[in-house]
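Chain and residue survey
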Amino acid sequence: MTVKILLVEDEEKIARFTELELIHEGYEVAKAADGRSGLEMAESGSYDLCLLDIMLPGLSGLEVLRRLRKTSQMPVIMLTARDAVMDKVSGLDMGADDYITKPFAIEELLARIRVALKKSAAAKESSGPQPSKILTCGKLTMDTARYTAAYDGTAIDLTKREFLLLRTLMENKSIVLSRDTLLERVWGYDYMGETNVVDVYVYYLRNKIDDVFGEKIIRTVRGVGYVIKEPDHE
Ligand code: CA
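This write-up is about the structure you can find in this document. (Residues numbered from 1 in each chain as written. Predicted model: local features only at pLDDT ≥ 70, side-chain atom pairs only at ≥ 80, totals over all residues. Heavy atoms only, no water.)

Examining the packing of helix H2 (residues 35–43) against helix H3 (residues 61–68)
Remark: H2 packs on H3, axes separated minimally by 10 Å, with the N-to-C direction vectors making an angle of 25°. In this view, H2 runs roughly parallel relative to H3, as classed from their interaxial angle. You can see that H2 and H3 cross each other, and the crossing is right-handed. Residues Gly-35, Arg-36, Leu-39, Ala-42 and Glu-43 of H2 form the contact with H3, whose own contacting residues are Val-64, Arg-67 and Leu-68. Among the residues forming the contact of H2 with H3, the class breakdown is four nonpolar, one polar and three charged. (Axes fitted to C-alpha atoms, helices over the stretch in contact; angles between N-to-C directions. Helix = DSSP H or I, 4+ residues; strand = E, 2+ residues; numbered from the N terminus. Parallel < 35°, antiparallel > 145°, perpendicular 65-115°, else oblique. Left-handed = near helix turned anticlockwise from the far one by under 90°. Contact = heavy atoms within 4.5 Å. Nonpolar A, V, L, I, M, F, W, Y, C, P; charged D, E, K, R; others polar.)

A closer look at the pattern of salt bridges
This model, assessed by the stated rule, comprises 16 salt bridges. Put simply, Asp-53 and Lys-102 hold a salt bridge, and the shortest N to O gap is 2.9 Å. One end of the pair, Asp-53, is in strand S3 (residues 49–53); the other, Lys-102, is in the loop between strand S5 (98–101) and helix H5 (106–125), with 49 residues separating them in the sequence. Here Asp-53 matches Lys-102 in class, with each residue buried. Two residues, Arg-112 and Asp-98, come together in a salt bridge whose shortest N-O distance is 2.7 Å. Of this pair, Arg-112 sits in helix H5 while Asp-98 sits in strand S5; the two residues are 14 residues apart in sequence, bridging distant segments of the chain. (Salt bridge = Lys/Arg side-chain N within 4 Å of Asp/Glu carboxyl O. Buried < 20%, exposed > 50% of the residue type's maximum accessible area, 1.4 Å probe, protein only.)

Purely geometric stuff here, so don't read any function into it on its own.
See below:
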């Protein structure tokens, strides 16, 4: 079965070059040159993967992604401008699977496409009826099958990446995890961005948990990393 890729890119030269290379690799390619038609096409569910530029006329790539994620988990790789760190963080936060900085080497893009497709296939395979796995730490609970978290029964609204980070810490209760380990487990071994993204997300989680419920859940171990411990294990 031919893999269908949706390419949302307004720069004609980049779009054309990328399309030719992808076709050469055996992919089927459809193109959109603005955010609105890109979103419409992505929502049709006819494609296996989306390459999504951020700076687009109509709707920005981030807005397209935000809306798409309400209904679809199709793999999305963002195409970003050099040094746009905030775009990368926002993109990943909104559920992008990966990003690549322009101008990119086609080999790198092809490798990232393969990784994203493999992950998505694995996710589909394991997405059958799964037994719920409940993780707990003090009053904090997580249901890994339902993707929900709560503190003393009050739901905590987490993004996909925040959930993964919290789950990784909960699964390794009382074990200090280094930033590199967290980066690898939560963002993937092929993540090429800044390592301080871990600190940024710990900050987000503390805002949503510690600050709201008044308990220090995630502890910093200076010079090492982060750990979650049962409250009475002081
Ligand atoms: Ca653009």
